[in-house]
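Architecture at a glance
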Amino acid sequence: AAAAAAAAPPPPIPQKPKPQQPQLTPEEAIMLDKARKQVKRTLIVEELLATEENYVQMLDICIKKFKQPLENAAKLQNPFVTLEEVSAIFSLIETLYSINSMFLNLLKPRVKAWSSTQKIGDKFLEAADQFKSYSEYVNNFNASQVTLRTCCNKQPQFRNFINQVSRLPICNHQDLPGFLILPVQRLPRYSMLLEAIIKNTWPEHPDYQNLKQAHEKIEEINKFLNESKRQHEQIQLLMSKVGHVVGDLGNVIVPKRTLEAKYAGQIKIKQTLLKKTNNGFLTIFNDAIMITRWTEKEGEKLQFLALLEESELTKNAEELDLKLAKVRLSFVFGKPAEFAKFQVPK
């Protein structure tokens, strides 16, 4: 019995009852929720202003410490960089600096006079259209990086200058690529901050609709920039694939066109007036076929002859006739072993 009593667990320690929270009325709960949101709104808006001030300052440093000295160097008698290269590297950075300097001046008075009813969405709407200027900068960003690497590799003076400036205290250990990517990152940051402000703004707030419209506008611009960049890269890729072709390629190099395949030596070009037969090339795109031929006049390059677009091609067609000013094409589809015949009409 004594052993059993020793093995028994100790009695539980009595818990003090927790004090009950006072029950809030619906009106008090709403006021408390708004107060909490207002604190978060204030922090987000302060972050917006602080990052905007830093962004504009960084653009100013990039222009004054990197771009302008390089432009001056390009005007010397034996320059280690050209004005064209400087322009390619920095693109529209000065234009963006002007745009965001003005936007910063719109933000400052509103944030300094911040209150629970203060508005900021209308200032985004006021500046939104100017943000479309970012499109050209974003499109040129990859080419900018290529030019920067090329200059660093071929010119030790250029590379030494970039490294020396990057080590200046004012640059805060930021190298030139770090400065140049800032505009690419800025508009997506606006979208994130606006979304956070909206989340902490009640629907009846005087700025709520402005914020919603501003967020939609910035999202549209971001989508536009992304699509513009995608199309620009696609066109650059297409040019790298068919840029060696001689002739007017205005209708060939267009957005949304992609290269599928090339067929060399699968067709024969017969010029009856010259009594000569040359090998031709078919370049197959996702929505068209380009027809080219070798030409000795241009240093054995391909010469553009014709572009057959999707509207001219049908899956069930057995024979396609294309009448041009100098060339008549008769190409039999579905029989790749046969040759297309090019003839110059008499």
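This one's a predicted model, so the numbers in the text were calculated from it and none came from an experiment. (Residues numbered from 1 in each chain as written. Predicted model: local features only at pLDDT ≥ 70, side-chain atom pairs only at ≥ 80, totals over all residues. Heavy atoms only, no water.)

All right, on to the overall build of the chain then. Regarding its fold elements, the chain presents 10 helices and 7 strands. Residues counted as buried form 38% of the 346 residues belonging to the chain. Taking as baseline every contact in the chain between residues at least 6 positions apart, the subset at least 24 positions apart corresponds to 60%. About 21200 Å² of surface is accessible on the chain, with carbon and sulfur atoms providing 53% of the total. (Helix = DSSP H or I, 4+ residues; strand = E, 2+ residues; numbered from the N terminus. Buried < 20%, exposed > 50% of the residue type's maximum accessible area, 1.4 Å probe, protein only. Contact = heavy atoms within 4.5 Å. Areas by Shrake-Rupley, 256 points an atom, 1.4 Å probe, with all protein chains shown as cover.)

The next point concerns the nonpolar core. Ranked by size, the top nonpolar core spans 61 residues in total, and within it L70, F90, F131, F158, L176 and L180 carry the most contacts. For this core, the leading source of residues is helix 2 (residues 26–74), giving 15 residues. The next biggest cluster of nonpolar side chains, apart from the first, holds 12 residues, and it includes F285, M290, L302 and L307. (Core = buried A, V, L, I, M, F, W, Y, C linked by side-chain atoms within 4.5 Å.)

Moving on, we get to the environment of Q38. Assignment of secondary structure puts Q38 in helix 2. For Q38, a relative accessible area of 13% gives the class buried. The spacing of Q38 and W202 is 164 residues in sequence and 9.4 Å in space, taken between C-alpha atoms. When near neighbours in sequence (up to four residues on either side) are disregarded, Q38 contacts W114, S115, S116 and W202. A polar side-chain atom of Q38 sits 3.0 Å from a polar atom in the side chain of R41. (Polar contact = N/O pair within 3.5 Å; in protein donor to acceptor, adjacent residues only side chain to side chain.)

This brings us to the pattern of salt bridges. The final tally for this structure, using the stated rule, is 11 salt bridges. Notably, a salt bridge pairs K37 with D33, separated by 3.6 Å at the nearest N-O pair. You can see K37 and its partner D33 sitting in helix 2, 4 residues apart, about one turn around the helix. Between K34 and E204 there is a salt bridge, and its shortest N-O distance comes to 2.9 Å. Remark: E204 occurs in the loop between helix 9 (182–199) and helix 10 (208–242) and K34 occurs in helix 2; sequence separation between them is 170 residues. For E204, a relative accessible area of 53% corresponds to the exposed category. One salt-bridge network, in which partners are shared between bridges, spans K67, E71 and E94. (Salt bridge = Lys/Arg side-chain N within 4 Å of Asp/Glu carboxyl O.)

Residues of the chain with pLDDT of at least 70 account for 77%, and the chain-wide mean is 79. No element of the chain has a lower mean pLDDT than strand 7 (residues 341–343), at 35, and none a higher one than helix 4 (residues 93–112), at 96. The low-confidence segment residues 263–275, where pLDDT is below 50, has 51 contacts with residues more than four positions distant or belonging to other chains. Taken together, the stretch residues 314–346 has pLDDT below 50 and engages in 70 contacts with residues farther than four places along the chain or on a different chain. (pLDDT = per-residue confidence, 0-100.)

On to the packing of helix 6 (residues 134–154) against helix 7 (residues 156–166). How two helices pack is summed up by the angle between their axes together with the distance between the axes. Contact geometry of helix 6 with helix 7 gives a least axis separation of 5 Å together with a crossing angle of 115 degrees. Classified by the angle between their axes, helix 6 and helix 7 sit roughly perpendicular to one another. Packed against helix 6, whose contacting residues are L148, C151, C152, N153 and K154, the element helix 7 presents P156, F158 and R159 at the interface. A class-by-class count of the residues in the contact of helix 6 with helix 7 yields 5 nonpolar, 1 polar and 2 charged. (Axes fitted to C-alpha atoms, helices over the stretch in contact; angles between N-to-C directions. Parallel < 35°, antiparallel > 145°, perpendicular 65-115°, else oblique. Nonpolar A, V, L, I, M, F, W, Y, C, P; charged D, E, K, R; others polar.)

Let's shift gears to the packing of aromatic side chains. Summed over the entire model, instances satisfying the criterion amount to 8 aromatic pairs. Considering the side-chain rings of F103 and F124, the 5.0 Å spacing of their centres and the 65 degrees angle between planes classify their relative orientation as edge-to-face. With F103 in helix 4 and F124 in helix 5 (residues 121–128), this residue pair connects regions lying 21 residues apart in the sequence. Here F103 and F124 have matching classes, each one buried. For the pair F131 and Y134, a centre-to-centre distance of 6.2 Å together with 80 degrees between the ring planes defines the contact as edge-to-face. Among the residues examined, F131 registers a relative accessible area of 0% and is labelled buried. (Phe/Tyr/Trp six-rings, centres within 6.5 Å; stacked < 30°, edge-to-face > 60°.)

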